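A look at the structure
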Amino acid sequence: MKMTFRWYGPDDPVTLDNIRQIPGMTGVVTAVYSVPVGEVWPEEEILKLKAQVEAKGLEMEVIESVPVHEDIKLRRGNYQQYVENYKENIRRLAKAGVKCICYNFMPVFDWTRSQLDRELPDGSNALVYYKEHVAQMDPTKLALPGWDSSYSTEEMAELIQAYKDLGEEGLWENLAYFINEIMPTAIEFDVNMGIHPDDPPWSIFGIPRIITCEENIDRFLSLYDDKHHGLTLCSGSLGCATFNNYAEMVKKYAAMGRIHFAHVRNVKILEDGSFEESAHYSPCGSLDIVEILKAYHDAGFEGYLRPDHGRMIWGETGKPGYGLYDRALGAMYMTGIWETLDKLDK
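Residues numbered from 1 in each chain as written. Predicted model: local features only at pLDDT ≥ 70, side-chain atom pairs only at ≥ 80, totals over all residues. Heavy atoms only, no water.

**What to know about the overall build of the protein**
Put simply, the test is: Only DSSP runs of H or I covering at least 4 residues are called helices, and only runs of E covering at least 2 are called strands; the numbering of each starts at the N terminus. Both definitions apply: the radius of gyration is a C-alpha atom measure, and the globule rule equals 2.2 Å times residues to the power 0.38. Burial status follows relative accessibility: with a 1.4 Å probe on protein chains alone, a residue under 20% of its type maximum counts as buried, one over 50% as exposed, and anything between as partly exposed. Contact criterion: two residues are considered in contact whenever any of their non-hydrogen atoms come within 4.5 Å of each other. Accessibility throughout is a Shrake-Rupley quantity obtained with a 1.4 Å probe, and a residue counts as covered only by protein chains that appear here. Only four residue types enter the tally: Lys and Arg on the positive side, Asp and Glu on the negative side, with His and both chain ends excluded. Where a charge sits is defined by one atom per residue type, namely NZ (Lys), CZ (Arg), CG (Asp) or CD (Glu).
Helices and strands together make up the secondary structure of the protein, namely eleven helices and twelve strands. Computed over the C-alpha atoms, the radius of gyration of the protein is 19 Å, within 12% of the 20 Å expected from 2.2 N^0.38 for a compact globule of 346 residues. Taking all 346 residues of the protein together, 58% fall into the buried category. For the protein, the proportion of contacts with a sequence separation of at least 24, taken over those separated by at least 6, is 72%. Accessible area for the protein stands at about 14,500 Å²; split by element, carbon and sulfur atoms hold 47% of it. Computing the positive centroid from 34 side-chain charges and the negative centroid from 54, the protein places the two 3 Å apart.

**Quick notes on the sheet that holds strand β9 (residues 259-264)**
Stated formally: At least two bridges found by DSSP between two strands are what make those strands a pair. Whenever a helix is involved, its axis is fitted only over the stretch in contact; in every case the axis is a line through C-alpha atoms, and angles between N-to-C directions fall within 0 to 180 degrees.
Within the closed barrel, the eight strands sit side by side as β1-β2-β3-β4-β7-β8-β9-β12. Their pairing is parallel. On average, each strand axis in the sheet is tilted by 30° relative to the strand beside it, whichever way the strands run. Sheet contacts for helix α2 (residues 43-54): β2 (25-30) and β3 (59-64); angle to β3, the most-contacted strand, approximately 130°. Sheet strands touched by helix α4 (residues 79-95): β3, β4 (100-103) and β7 (192-195). Its angle to β4, the strand with the most contacts, is close to 145°.

**What to know about the pairing of β7**
Counted only if it meets this: A clockwise path from the first strand over the helix to the second, with the strands pointing away from the viewer, defines a right-handed crossover.
Pairing of β4 with β7, which is carried by four bridges, proceeds in the parallel orientation. By the bridge assignment, Ile101 is partnered in β7 with Met193. Judged from the three bridges that link them, β7 and strand β8 (residues 229-234) form a sheet pairing that is parallel. What sits directly across from Gly194, in β8, is Gly230. Of the crossover connections in this fold, the one passing from β7 over helix α7 (residues 214-221) to the parallel β8 is right-handed.

**Description of α4**
Just so we agree on the cut-off: For a helix, the expected span equals 1.5 Å multiplied by the residue count minus one.
End to end, α4 covers 25 Å across 17 residues, agreeing with the expected 24 Å (1.5 Å per residue, within 8%). Turning to α4, its buried residues are Tyr79, Tyr82, Val83, Asn85, Tyr86, Lys87, Asn89, Ile90, Leu93 and Ala94. Of the surrounding elements, those touching the buried residues of α4 are α2, β3, α3 (70-74), β4, α6 (153-188) and β7.

**Observations concerning the packing of aromatic side chains**
Quick note on the threshold: Aromatic rings from Phe, Tyr and Trp, taking only the six-membered ring of Trp, are treated as a pair when their centres fall within 6.5 Å; an angle between ring planes under 30 degrees marks them as stacked, one over 60 as edge-to-face, and anything in between as tilted. Working rule: Lys NZ or Arg CZ, within 6 Å of ring centre, within 35 degrees of ring normal, means a charge sits over the ring.
This model, assessed by the stated rule, comprises 13 aromatic pairs. Consider the rings of Tyr86 and Phe178, whose centres lie 5.1 Å apart with planes at 85°: the pair is edge-to-face. One end of the pair, Tyr86, is in helix α4; the other, Phe178, is in helix α6, with 92 residues separating them in the sequence. Take Tyr86 and Phe178: they sit in the same class, and that class is buried. Taking 4.9 Å as the distance between ring centres and 50° as the angle between the ring planes, the aromatic pair formed by Tyr296 and Phe301 counts as tilted. For the pair shown, Tyr296 and Phe301 are each scored as buried. Put simply, the rings of Tyr86, Tyr103, Phe105 and Phe178 pair up and form one aromatic cluster. Of note, Lys131 hangs over the ring of Trp202, and the distance from its end group to the ring centre comes to 4.7 Å.

**Re the state of the cysteines**
Keep this limit in mind: Defined by distance alone, a disulfide is two cysteine sulfur atoms within 2.5 Å.
If you walk through the whole model with that rule in mind, you get zero disulfides. Cys100 supplies the cysteine sulfur nearest to Cys102, a cysteine that is in no disulfide, at a spacing of 7.2 Å. In this model Cys213 remains outside any disulfide bridge; the closest cysteine sulfur is found in Cys240, 12 Å from its own.

Structure representation (structure tokens):
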């Protein structure tokens, strides 16, 4: 297992110096954020980012994310050109030493929450998803970190309707097309492609979502028979739904060699199926982080792992979910568990 940390580039208030001081940290997970979705990343920008990371003694072997343009997901407009651009990004990143690319196929919206700064009983602030609040939202007027904010209200309404018309099976067909187009390039350049599950793993605003459960992940993996075609398995995304047994998923897919990247965080599931993000420490949420890491460890997992969303603690402010302190605590908690498992094996 290689412990990594999400870094949003030179403008991130969490610096590379901060990250390299976390014991056991091997590298950062980052991206070129200045290029519009669907366009080719300039080689000089990729190499500049790599040089900044390596100058601090860290690795840049994982990119999160190379976003998939909505035209590809809907298979309309300039989708063929965007697919060719995606292949070129794989080539350029591979030449810069990138070994794993994280992406998702979530229509319109990336991870969705109803509040970004919910105060928890201990005074920390966390991301939460309250179903009652989401049901009252107008999806044409929403904005969350990581979402594409370039759409007007009218364009967003049209996009949402297009996905409703497409439906789940249409989305599956378009995902299959995309996978069959990009995987030969990924295989040629020895890059592992890890799809991120939908977050949360159910339909929102009437829009289909398909990377949601074990049955659908099995279907996804069957789209292309090669180990480069795999998963970014996220405990918070899949584990916030009681119909998913995340630890069992880890055992199954890690044994198949299909987990290339692991996101680990804890969530507290509420009675109505809503959830609050919590500290990584198992008793703080509904997931057993020790059980999850043991599943990875028992499978001999050698891929990349990072602490996912953290709370804002100790007065820190910054990008919601991506402060330094709580994610660093999570990294050390998981590194300690992993060290213990290593020593128990010996």
